[in-house]
There are 2 protein chains.
Amino acid sequence: MIVAIAVLDTSNADFEAAFQRKLHWSAETDHAIEERVAAIVADVRARGDAAVLEYTARFDGVDAASVAALEIGADELRAALETITPAQRRALEAAAARVRSYHQRQLEACGRSWSYRDEDGSLLGQKVTPLDRVGIYVPGGKAAYPSSVLMNAVPAQVAGVGEIVMVVPTPRGEKNALVLAAASIAGAHRVFTVGGAQAVAALAYGTATIPRVDKITGPGNAYVASAKRRVFGQVGIDMIAGPSEILVLADGSTPPDWVAMDLFSQAEHDELAQSILLCPDAAYIEAVRAAIDRLLPAMPRAAVIRASLEGRGALIRTRSMEEACEISNRIAPEHLEVSSREPGRWEPLLRHAGAIFLGAYTSESLGDYCAGPNHVLPTSGTARFSSPLGVYDFQKRSSLIEVSEAGAQVLGPIAAELAYGEGLQAHARAAEMRLKREGEVQ
Amino acid sequence: MIVAIAVLDTSNADFEAAFQRKLHWSAETDHAIEERVAAIVADVRARGDAAVLEYTARFDGVDAASVAALEIGADELRAALETITPAQRRALEAAAARVRSYHQRQLEACGRSWSYRDEDGSLLGQKVTPLDRVGIYVPGGKAAYPSSVLMNAVPAQVAGVGEIVMVVPTPRGEKNALVLAAASIAGAHRVFTVGGAQAVAALAYGTATIPRVDKITGPGNAYVASAKRRVFGQVGIDMIAGPSEILVLADGSTPPDWVAMDLFSQAEHDELAQSILLCPDAAYIEAVRAAIDRLLPAMPRAAVIRASLEGRGALIRTRSMEEACEISNRIAPEHLEVSSREPGRWEPLLRHAGAIFLGAYTSESLGDYCAGPNHVLPTSGTARFSSPLGVYDFQKRSSLIEVSEAGAQVLGPIAAELAYGEGLQAHARAAEMRLKREGEVQ
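These numbers come from a predicted model, not from an experiment.

Rules and cut-offs
Residues numbered from 1 in each chain as written. Chains lettered and ligands numbered in written order. Predicted model: local features only at pLDDT ≥ 70, side-chain atom pairs only at ≥ 80, totals over all residues. Heavy atoms only, no water. Least-squares fit on C-alpha atoms with pLDDT ≥ 70 in both. Contact = heavy atoms within 4.5 Å. Helix = DSSP H or I, 4+ residues; strand = E, 2+ residues; numbered from the N terminus. Buried < 20%, exposed > 50% of the residue type's maximum accessible area, 1.4 Å probe, protein only. Right-handed = clockwise from strand over helix to strand, strands pointing away. Pairing = 2+ DSSP bridges. Core = buried A, V, L, I, M, F, W, Y, C linked by side-chain atoms within 4.5 Å. Axes fitted to C-alpha atoms, helices over the stretch in contact; angles between N-to-C directions. Buried area = accessible area lost by both parts, 1.4 Å probe. Salt bridge = Lys/Arg side-chain N within 4 Å of Asp/Glu carboxyl O. Nonpolar A, V, L, I, M, F, W, Y, C, P; charged D, E, K, R; others polar. Polar contact = N/O pair within 3.5 Å; in protein donor to acceptor, adjacent residues only side chain to side chain.

Another point: the relation of the copies chain A and chain B. Superposing chain A onto chain B takes a rotation of 180° plus a shift of 0.0 Å along the axis, which leaves an RMSD of 0.0 Å. Each copy turns onto its partner about a two-fold axis. Across chain A, the rotation axis passes nearest the C-alpha of Cys110(A), at a separation of 2.2 Å. When the interface residues of chain A are mapped onto chain B, 100% of them again fall at the interface, so both copies present the same face.

Here it is in structure tokens:
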């Protein structure tokens, strides 16, 4: 056996304990990081551009005369499109087009203003408007993901955000052409080569050069995550992501190699990533295990994959597909593949997941890059209460209320009764003043 | 002059500085509170019911034999309906019915699953599902607001949440019949008389008696707010609210007494509440000022109103209604009254507000209690990026992707190209394995 991945069985007495050990992951707060980030955020808030320049020199090894010199202009972004290969450019453009088309449907389905009039002629509803300006954090250096640029910027653009400000660190000045090309294709309005907590602080509070935004989205390291948590409230933020996870629910009908590679595709992200297979068929589980052993040696990231699978992976035999669905709901996975001949039979049983990939042809990787739906998904069980990044994250709602004169006569006494009950007499009086009888005697 | 409220004029040279001073408010973090809350949360997480019992005895003066003894059963909730006056009961029921009807429309407008098939027959969409279980925090003691029970529980109920668990402290054992009646009407499934950080921790982690929830909403004091911040990520939370605010945009056509009382109705909440009037008509501003002086002495909460208006209130003369709209957008107020003969003329100019109240008859207090829209709204300028509490806060979305065999042939090469570009070879291989050509040569 090459890979010592855990093989569990729900019928075993010790299953629950072993399962809990595999699932356990908690975002330990690193107080040293928190304190350093607090200092950086306060410094950028107080000193603006000067602080941003200093931290960029210190952490990224980039010396610039001004923050303005760290901005990448539209020309340079467009030029990046010529630097990458034609095949890369076509792939980026095709992916962007599909992601845009999906989020356009999302806008139509759930992002429009609505209103109605009640029987008294009062208007009630909600006005949905885009955010004025958002900041998108894009990691730089080794883990540069142009697909993240698309997944963050495109929904913002579809929502109608006025200005999209992207920040991306360029350690030692190295710019990633694929990332810049993606920014050009996705329609980022301004791009600054700054990163880390200092970039998050600059976006949250604004500096003389970097505009203050209303919301910051996008992944980053522990410093970026801590800075986002710290500025939350001053600006909106998206979820703070934990390690990535895949759960494959298999009935044994998909080629085992495909499932093994899908497990690898999560495991290759990092050693804390989690890949779990749930299947009622012991022979199939053994076939996937054998495929893992056979396919691993050829993978360039074999060491990471092995560490992830051995540390956090599991192949779990369940009593039935129904039980597999129940366990999946307990995990609330980020990515959930239903690798079954009858995905439509199991999908209604699945209540909690960031994204559900149905059928053998739907590898998670197709969704990660280009199927259309967003790849920014809730991790660590937060799919119990949160959702994929979407157009709705770049919009906000304002309630609309226009009470007619007739409506005020009906609502006034109700509001006054409740307001007096809460001891808020001015609330009551404001409602009563709009009553006709009251108006007459005034 | 009885009330020394600031009167400002946008044409004055010192306007900007004076305006900024009025607006300034920042949620100072109280480290002493944070540390005490951290200890309470950790203790409840570790010791469960025993810790909840101890803190409830210490902070609320309520000694109980068990946490189970702190639960209020359905019978006792129903009995509360008989304790309040018939007028109160009718008002609560009428308000609940209108709030329910509005949120039902909201569910129809933006809370339904959707999907489509692309040209390759692949299915794309999102499944929208209610949260399994939510916790609603209701303040107890002096500031007991039955309307908050309705505004939190009704949208959860409309969303289809499986179980609504309400917590409400009862200092010295005093139960508020209006709050219990509201819980009964709004459909809370379980009610525990616990409060403070210990209640938030119990809901976030679960105890032997209090079930773990997926999200916690509802207002509370600094301890509750700090505890919600701390458990965020473990569970979802709603916004952490700052002081309440009203901004009235007036063209001078509404009776000045009405506007004065609307300003009072915000100011009476607490001394940090903010009431601002924007109006281009100096004579009207003077009339409102005079109305404030005339009406204040009769208000039971005159002292609080005066402190709020003098500390944080302002009557601002603008050059025009257009300028008033611009200033309103800078403030992004929680409540925005457009007290004008032509509210429809100004509404399109207003981009940021929690709720917009249109026309002279739409007092904020009608919206606070019974017009239908939610009264839980973004404060402190967060309307720039966040929204009223709604059905959507009690739902989450899962992306649905079912790639057809034909779709996999189109998407595979795109995904593989991008995955290789990011150095994620297993992602690429997982996509390539689904290609027919690849399948043949395997």
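Following the sequence through the fold, Gly140(A) ends up in the loop between strand S5 (133-137) and helix H6 (146-159). In sequence terms Gly140(A) and Val179(A) are 39 residues apart; their C-alpha atoms lie 8.8 Å from each other.

Residues and elements named next belong to chain B. Among the six residues that make up strand S10 (residues 245-250), six are buried, leaving the element largely enclosed by the rest of the structure. Neither face of S10 is open: one carries Glu245, Leu247 and Leu249, the other Ile246, Val248 and Ala250, and all of them are buried. Between the parallel pair S10 and strand S11 (residues 274-279), the chain is carried across by helix H10 (residues 256-267), and the sense of this crossover is right-handed. Alignment of S10 against strand S13 (residues 335-339), held across five bridges, turns out to be parallel. For alanine 250, the partnering residue across the bridge sits in S13 and is serine 339.

Counting residues in hydrophobic clusters, the biggest one holds 70 residues, and the most contacted among them are Leu92(B), Val149(B), Leu150(B), Met166(B) and Val191(B). What Met166(B) contacts, discounting residues up to four positions off in sequence, is Ile136(B), Val138(B), Val149(B), Val179(B), Ala183(B), Ala188(B), Arg190(B), Val191(B) and Phe192(B). The next biggest cluster of nonpolar side chains, apart from the first, holds 66 residues, and it includes Tyr102(A), Val158(A), Ala182(A) and Trp114(B).

Turning to the sheet that holds strand S14 (residues 355-358) of chain B, a few remarks are in order. Strands sit in the order S3(A)-S4(A)-S15(A)-S14(B)-S13(B)-S10(B)-S11(B)-S12(B)-S1(B) across an open sheet of nine strands; the sheet is mixed. Bordering the open sheet on either side are strand S3 (114-117) of chain A together with strand S1 (6-9) of chain B, each of which pairs with just one other strand. Neighbouring strand axes in the sheet, compared pairwise and without regard to direction, differ in orientation by 20° on average. Relative to strand S12 (residues 314-317) of chain B, S11(B) runs parallel, the two sharing four bridges. Among the inter-strand pairings, Ile276(B) is bridged to a residue of S12(B), identified as Ala314(B).

A separate point is the interface of chain A and chain B. Counting residues at the interface gives 116 residues for chain A and 116 residues for chain B. When chain A packs against chain B, close to 10,400 Å² is buried across both sides, 60% of that on carbon and sulfur atoms. Applying the counting rule to chain A against chain B returns 10 salt bridges. Its salt-bridge partner being Arg434(A), residue Asp262(B) comes within 2.7 Å of it at the nearest N-O pair. With 13 residues, helix H5 (residues 86-110) of chain A is the single largest residue contributor to the side of chain A that touches chain B. Grouping the amino acids of the side of chain A that touches chain B by side-chain chemistry returns 59 nonpolar, 32 polar and 25 charged. Two elements, strand S14 (residues 355-358) of chain A and strand S15 (residues 395-402) of chain B, share three bridges in a ladder whose sense is parallel. When the sheet's bridge partners are listed, Phe357(A) is paired in S15(B) with Ile401(B).

This paragraph deals with the side chain of Thr56(A). All names here are of chain A. You can see threonine 56 is positioned in helix H3 (residues 49-60). Among the polar contacts made by the side chain of threonine 56, one reaches the main-chain carbonyl oxygen of valine 52 at a distance of 2.7 Å. With sequence-adjacent residues up to four places away left out, threonine 56 is seen in contact with Gly61, Val62, Leu70, Thr193, Val194 and Gln198.

What follows is about the sheet that holds S5(A). All names here are of chain A. With mixed pairing, the six strands of this open sheet are ordered in space as S2-S7-S6-S5-S8-S9. Because the sheet does not close on itself, it has two edges, and the strands there are strand S2 (71-72) and strand S9 (236-237). Direction of pairing for strand S8 (residues 215-217) relative to S9: parallel, over a ladder of two bridges. For isoleucine 216, the partnering residue across the bridge sits in S9 and is isoleucine 237. Its contacts with the sheet place helix H8 (residues 196-205) against S5, strand S6 (163-167) and S8, and it is angled at close to 175° to S5.

Attention now moves to helix H7 (residues 177-186) of chain B. Residues and elements named next belong to chain B. With eight of 10 residues buried, H7 lies mostly within the body of the structure. Among all positions in H7, only Leu178, Val179, Leu180, Ala181, Ala182, Ala183, Ile185 and Ala186 are buried. Between the side-chain oxygen at the start of H7 and the backbone nitrogen of leucine 178 there is a gap of 2.9 Å, and the oxygen is on asparagine 176. Positive backbone phi, at 90°, marks glycine 187, one or two positions downstream of H7.

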